[in-house]
Structure formats: C-alpha cells, structure tokens
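Observations on the three-dimensional arrangement
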Amino acid sequence: MSTPPTTPTEPRHTHHHHAMDSAPAPQGATGLKGVLLPVVIVLAIGSIFVSVFLAAFHAPRPHDLPVAVVGTTQRLEQVTGGLELGLPDGFEVRRYPDASTARHALQDRKVYAAYVTGPGRSAELLYAGANGPSVTSTVTGAFSGVAKASGDRLTVQDVVPASAGDTRGMSVFYAGFGVVLAGFLFGMMTYQMAPRLEYRWRLVSLASFSILGGVIVAVMAGSLGFSALPGPFLGIAGVIALMAAAVGSATMTFMRLFGRAGMSLAAVVLLTFGNSTSGGTLPTAYLPGWLRPLSEILPVGVGVRAVQGLSHFNNDGLTAGVGVLAAWILVAAGVLFWLDARGPRRTAGA
C-alpha cells in the first residue's frame, strides 16, 4: 500500500497591519462641534475687530495733543484757557521762547501746531499738513476759535506739507496694513506649506520675504511709484523689511506655541490691535487711553511712526522703531530656535 505523495507545506504568512496601511484617522471637529466652532471663532475675531476699531475711530478727538505757544505769560494763559474751553483735555500746551524754536519742534513732531503771538493782536498758526487733514482740521479749528475770542488777527502757514502723492496722509496706513497682512500670511503659510523645513532654512525664507517685501513697498510708495512716501529709499525699505520680519516671526511663534489657536491670536494681536493703534490714520493722541500704549510696542505702530519720521519729520521715531522691531524679531527667533532646532536635538540625544 503506497502512501500518497506529500505536498510541501507552504509557509503561512502572518499579515501585519501597519499604520500606513490603515485609513488615516479623521482630524478636526465633527458633528455639532464642527458646525459651530468655526462660526464662534470667526464671529469672535470679527467682533473684536469691529469693537476695537469703533472704540478707536467712532468719534475721534485728541487727548493731550502737544502744541506750542510763543508769547508772554498772559498770552499763554489766554491761549491755554481758550483751548481748554473749546476742547477740554484735548491739548498739552508747551511754551517755547521764540518762533524758530517752535518751528523746529513742529518739524521734529514734538508738537503738532504752534501758535506764535506777535506785536499788538497779531498771531500766526504753524501746522504740519503731513500729519493729515484730520489733525489740520483739529488744530486750525481750535486755534481759530482762540484767535477769535482773543481778537487776534490770525495767519496760517503749513510748515510741513503733505507730499503730492499723499494728499490725504493715508498712504502710510495702507502700506503698513499691507505689510502686516503679508507678514501674517507668511508666518501662517510657512508652517502649512513646509512643516518640516529646518530652522535655518525657515529663517532664510523669512529674511527673503522681508527684504523683498521692503524693496517692493519702497518702490511702489516712493519716488519710483506713487510718490506717497518721500523718504530715502533704503531707509523706507529697511523699516518696512523689519516690520515684515517682526510680524512674520511673531505669527510663526504664535502658531508654534498655541497650535491652531495661534493663528487666531496672531490675527487679533497683530492685525486688529496693531492696525487700529498704528497712528497711520490719526496720531495716537486721538486713541482712547487703554489703546494708546499698544502703539509703542506693537510692530505696526512703531514701524508706521518711523516711516512717517523718515518721510516728513526729521527721523522722528526711527531709533525707537528699529529697536522695538529688532526686539520682536530676536525674541521670536529665540523661541523658534528653542522649539524647532534645540527641541529636536534634545529628543535625538535622549
């Protein structure tokens, strides 16, 4: 009796399921949370935007706007009393010894107008049209009332006129707004489009964006473009580049520290509070007291003042602006280094 031939047994393969073989787990909110969460976040950001801008500009009036008066103690008291009567707490009156000193203070934007009293009942009002039509309207209206009440024969002179390409004084605001928006978008997109980019190359990308952005804005707004910002090309380009780098690096830091919520936080801090306190539409003296300090620490406020100083007011705000913008960039670069470069090295070493 013969035994049937044996067939070689095939090895049994064990099927292992790897993570890459399985369908990716769904990410993000679903159901009612997915329906309502975008609505709540966007409406919250929009409400903050509307409320902040309304608080800043629904009924703008100056608060301690610095102005100069040249004249005797008696005339000084008359002018101060007249300004206080017409617009309480609107002006901070500073006495200057002569018209030349007051004129220089106006050109350096230490004051926004100068009322120079002369012999008899003559008086001259010096102002800077480059501060924009709203400021011009405020100071000419207030001092015209003072002159009328005092019986002064008032003449008016625009010492720092607006540039021919920026008759409304709004170009610096739009330029600043565009730079902040571009910096915000760059900071957001660099992690979305290149999440694994090395730290050093991400900084190269930031530097490239900032330098090119500064050059492009300076070309468009300067004498080669719309002639809206008559300051030196390299100075304008440099300040704009620092603004772009500060906003871009700050947005990157918000996103690395707070994840998806960082984008919303960056939008509120840099876009809403930054642009509303920039001083591009009205000087910061027109802002409510709780908003005014932000203009001295947020990138767009210090950048706008520096650009205005370069263009019209003997570099007013330039040193402080460069210092604050550099501080934003250095702090953000340090935080990103800790998170993106040093962090992975520590993990690999462990």
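Here goes a summary of the coordinates provided. Every chain is numbered on its own, with residues counted from 1 as its sequence reads. Two thresholds apply to this predicted model, a pLDDT of at least 70 for residue-level local features and 80 or more for giving and counting side-chain atom pairs, whereas whole-chain, interface and lining totals are computed over all residues. To get the side-chain values, take all heavy atoms of the structure and skip hydrogens and water.

On to the packing of aromatic side chains. Two aromatic rings, taken as a pair, are described by how far apart their centres are and by the angle between their planes. Paired rings are identified among Phe, Tyr and Trp, the last through its six-membered ring, by centres lying within 6.5 Å, and are further divided according to the angle between planes into stacked (under 30 degrees), edge-to-face (over 60) and tilted (the rest). This structure, assessed with the given rule, holds nine aromatic pairs. Members of the aromatic cluster, connected to one another through ring pairs, are Phe49, Phe53 and Phe57. Against the face of tyrosine 191 rests arginine 202, its NZ or CZ located 4.0 Å from the ring centre. We call a charge positioned above a ring when the Lys NZ or Arg CZ atom is no farther than 6 Å from the ring centre and deviates by at most 35 degrees from the ring normal.

Under the 1.5 Å per step criterion, the end-to-end length of helix 9 (residues 299-311) is 18 Å for 13 residues, consistent within 8% with the ideal 18 Å. Type-normalised accessible area, obtained with a 1.4 Å probe on protein chains alone, sets the label of each residue: buried when under 20%, exposed when over 50%, and partly exposed for intermediate values. Numbering of helices and strands starts at the N terminus; helices are DSSP runs of H or I of at least 4 residues and strands are runs of E of at least 2. Here helix 9 lies mainly inside the structure; 12 of its 13 residues are buried. In a helix, the anticipated span is given by 1.5 Å times the number of residues less one.

A separate point is a nonpolar patch on the surface. Side chains of Ile211, Val215, Val219, Leu224, Phe233 and Leu234 sit close together on the surface and give an oily, nonpolar patch of about 590 Å² of accessible area. Among the elements that take part in the nonpolar patch, helix 6 (residues 199-221) stands out by supplying three residues, more than any other. Structurally, leucine 234 can be placed in helix 7 (residues 233-258). Think of a patch as exposed residues, more than 30% relative accessible area, with no salt bridge, where like charges cluster within 9 Å and nonpolar side chains (Val, Leu, Ile, Met, Phe, Trp, Tyr) cluster within 5 Å. For the area figures, the Shrake-Rupley method with a 1.4 Å probe applies, and any residue is considered shielded solely by the protein chains shown. The working definition used for a salt bridge is a side-chain nitrogen of Lys or Arg within 4 Å of a carboxyl oxygen of Asp or Glu.

In this section: unusual backbone geometry. Its identity as a non-glycine residue notwithstanding, serine 227 has a phi of 55°, on the positive side. By the secondary structure assignment, serine 227 is in the loop between helix 6 and helix 7. Even without glycine at this site, asparagine 314 takes up a positive phi of about 50°. With respect to the helices and strands, the residue asparagine 314 is situated in the loop between helix 9 and helix 10 (318-349).

What follows is about the pattern of salt bridges. The final tally for this structure, using the stated rule, is seven salt bridges. Between arginine 109 and aspartate 316 there is a salt bridge; the shortest N-O distance is 3.1 Å. Here arginine 109, found in the loop between helix 3 (99-107) and strand 3 (113-117), pairs with aspartate 316, found in the loop between helix 9 and helix 10; they are 207 residues apart in sequence, far enough to count as distant. The exposure class assigned to aspartate 316 is buried, which follows from its relative accessible area of 14%. With a closest N to O distance of 3.2 Å, aspartate 152 and arginine 121 form a salt bridge.

Here, strands pair whenever DSSP counts at least two bridges between them. Both strand 3 and strand 4 (residues 122-127) contribute to a ladder of five bridges, which runs antiparallel. Bridge pairing in strand 4 places alanine 114 opposite leucine 126. What sits between strand 3 and strand 4 in their antiparallel hairpin is a turn of four residues, with glycine 120 showing a positive phi close to 70°. Pairing analysis gives six bridges linking strand 4 to strand 5 (residues 153-158), with the strands arranged parallel. Within strand 5, the residue paired with glutamate 124 across the bridge is threonine 155. Once the chain exits strand 4 it traverses helix 4 (residues 133-150) before rejoining the sheet at strand 5, and the crossover so formed is right-handed. Assignment of crossover handedness uses the view with strands pointing away from the viewer, where a clockwise path from the first strand over the helix to the second indicates a right-handed crossover.

Turning to the pairing of strand 3, a few remarks are in order. Within strand 3, five of the five residues are buried, which leaves the element mostly enclosed by the surrounding structure. With burial as the criterion, each face of strand 3 is covered, one bearing Ala113, Tyr115 and Thr117 and the other bearing Ala114 and Val116.

Glancing now at the side chain of serine 295. As for its position among the elements, serine 295 is in the loop between helix 8 (260-276) and helix 9. Polar side-chain contacts of serine 295 include one of 2.7 Å to the backbone oxygen of arginine 292. Here serine 295 is in contact with Thr277, Thr284, Gly301 and Val302, once residues within four sequence places are set aside. Polar contacts, as counted here, are pairs of nitrogen or oxygen atoms within 3.5 Å of one another; within protein the pair requires one atom able to donate a hydrogen and one able to accept it, and residues that are adjacent in sequence qualify only if both atoms are side-chain atoms. Contact between two residues is taken to exist if any of their heavy atoms lie within 4.5 Å; hydrogens are not considered.

Next up on the list: helix 3. Those residues of helix 3 not exposed but buried are Ala102, Ala105 and Leu106. Buried residues of helix 3, viewed axially, fall in a sector of 100°; they line one side. Tucked inside the fold, the buried residues of helix 3 contact strand 1 (65-70), strand 3 and strand 4. The backbone nitrogen of serine 100 has a side-chain oxygen 3.2 Å away, supplied by the residue at the start of helix 3, namely aspartate 98. One or two positions beyond helix 3, positive phi appears at arginine 109, with a value near 55°. The arc in question is formed by the directions pointing from the helix axis toward the C-beta atoms.

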